[in-house]
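Residue strings, one per chain:
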Amino acid sequence: MIIILKPDTDPSGPEMTNLLDYLSQFPDIKTRTSGVRGTSRVVTELYLIGPTHHIPTETIARMPGVEKVVRVSSKYRQIGRHGGQLDQIGFTYNGVDFSQDTFHVFMGPCAVDTPEHVEAMFRAMKTAGLTTARMGAYKPRTSPYDFQGHGKSCLPWVFELAGKYGIKVIAMEVLRAIHIEEIQQALEETGHPTGVMLQIGTRNAQNFELLKAAGSQQEFPVLYKRGMGLTLEESLNACEYIASEGNRNIVFCLRGVKTRLGDPHRNLVDFAHVPVIKRLTRLPVCVDPTHSVGGKDRAPDGLLDIFHASAQGIIAGANMILVEFHPRPELALCDGPQALTLQELDHFMADVELVRKTYIERKELAARALFKEWHPA
Ligand code: PEP
Ligand code: MN
């Protein structure tokens, strides 16, 4: 059961004390409070864990400070919308807003390689007015003989360069709990010139200990990537691990699923699931066209398949795009053949903005059509 307090109710004020006093008569119930910064207001939610079936919802709903009481199903307790009873949850990190209404492009190399390449990337992004990047210091590779990333040694100079070019958030994959601490420490030592969104990669989509580690810290938001061989339900359940540990600043990312039915693409593009995730959960949704398509083939219409896949995600309402770029793809130590180049950046952004604008118009069109349906002349 979730008790949602009226906006801006003080979580340590008299209404909450009164509520907790009332609930203390049910000794098997544990409570947990969480503050949710919605798109326009701050709300406090009180989670009741235990046998809640005998707690009278109507009595609680009438208590001072209570906005509503929601009985939750066992599925996706914290990230779920519970049949539309709960609104989305947005969050702000390092000055950047994330919600089911916002839109950001996170671009950059698959892996950090040289300071020159990283600086060229950030410089091009600054020129384009972009403040959200991607790049990995820790890389899980299919072959043990491939480059596994520079690890913590590159973090200080990557963060300093990011600060120099006004990059606010870098999506960075972590493979073990210790990597979170290393990122924390490097940010501390460099004076927090930028921020990090911890990325849980598809290969760790069911690494429950890592999910718990990302969930039990509150400093960094988490980009959870769908498991390449998991059903959507299995991935959403895994994602719930992060929230259940206390961190609900999560973005859910689609990146294609593994099946030979997607050939010649690297994975089968699953971006038709964008609206499904928005309906089932309260989380913003990201799409990764690069790892879905996995190559730079161009269609006869002049557009790269990566552009087409990006457009499919955006037109369906994606809130974030994770896309690989490299200033010299031929020198990249990981995933060079699928990286877009800096020469392609302006074209990519113009195409993305065109599609996003069309999505906003589609949403307005739908609102007008629904209004007419509900208010027939
Ligand atoms: C990545 O984004 O760098 C990556 C490795 O993606 P995925 O985990 O989706 O394969
Ligand atoms: Mn990659």
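For clarity, every value in this text was computed on a predicted model and none was experimentally measured. (Residues numbered from 1 in each chain as written. Chains lettered and ligands numbered in written order. Predicted model: local features only at pLDDT ≥ 70, side-chain atom pairs only at ≥ 80, totals over all residues. Heavy atoms only, no water.)

Student: Run through the coordination of the manganese ion (ligand 2), naming residues and quoting values.
Tutor: The manganese ion (ligand 2) binds to the protein through Cys110 (SG), His291 (NE2), Glu324 (OE) and Asp335 (OD); the donor distances cover 2.0 to 2.4 Å. Of note, the manganese ion (ligand 2) draws all its donor residues from one chain, in the sequence arrangement C-x180-H-x32-E-x10-D. Placement of His291 in helix α9 (residues 289-293) and of Asp335 in the loop between β14 (320-324) and α11 (345-374) is noted, with a sequence separation of 44 residues between them. Residues His291 and Asp335 agree in their burial class; the two are buried. (Donors = N, O, S within 2.8 Å, 3.2 Å for Na, K, Ca; no water. Helix = DSSP H or I, 4+ residues; strand = E, 2+ residues; numbered from the N terminus. Buried < 20%, exposed > 50% of the residue type's maximum accessible area, 1.4 Å probe, protein only.)

Student: Report on the site of ligand 1, specifying residues and quantitative values.
Tutor: Arg134, Lys139, Glu173, Gln199, Gly201, Thr202, Arg203, Lys225, Arg255, His291 and Glu324 make up every residue found near ligand 1. A distance of 2.9 Å separates an oxygen atom of ligand 1 from a polar atom in the side chain of Gln199. In the environment of ligand 1, an oxygen atom lies 3.0 Å from a nitrogen or oxygen atom belonging to the side chain of Arg203. Among the residues making up the shell around ligand 1, the classes are represented as no nonpolar, 4 polar and 7 charged. (Near = heavy atom within 4 Å. Polar contact = N/O pair within 3.5 Å; in protein donor to acceptor, adjacent residues only side chain to side chain. Nonpolar A, V, L, I, M, F, W, Y, C, P; charged D, E, K, R; others polar.)

Student: Tell me about the state of the cysteines, and name the residues and values.
Tutor: Considering all chains together, one arrives at 0 disulfides under this definition. There is no disulfide at Cys334, and the cysteine sulfur nearest it, in Cys110, is 3.2 Å away. By relative accessible area, which is 7% here, Cys334 ends up buried. (Disulfide = S-S within 2.5 Å.)

Student: Go over the domain arrangement of the protein chain, please, and point to the residues and values.
Tutor: Per the domain assignment, the segments making up the protein chain are domain 1 (2-70) and domain 2 (103-366). Each of domain 1 and domain 2 has a C-alpha centre, and these two points are 36 Å apart. With 5 residues of domain 1 at the contact, the number on the domain 2 side is 6 residues. In this assembly, domain 1 packs against domain 2 so that about 320 Å² is buried in total across both faces, 17% of it on carbon and sulfur atoms. Between the two partners, domain 1 and domain 2, sit 2 salt bridges. Across the salt bridge formed by Glu45 and Arg282, the nearest N and O atoms sit 2.8 Å from each other. (Domains from an automatic or database assignment. Contact = heavy atoms within 4.5 Å. Buried area = accessible area lost by both parts, 1.4 Å probe. Salt bridge = Lys/Arg side-chain N within 4 Å of Asp/Glu carboxyl O.)

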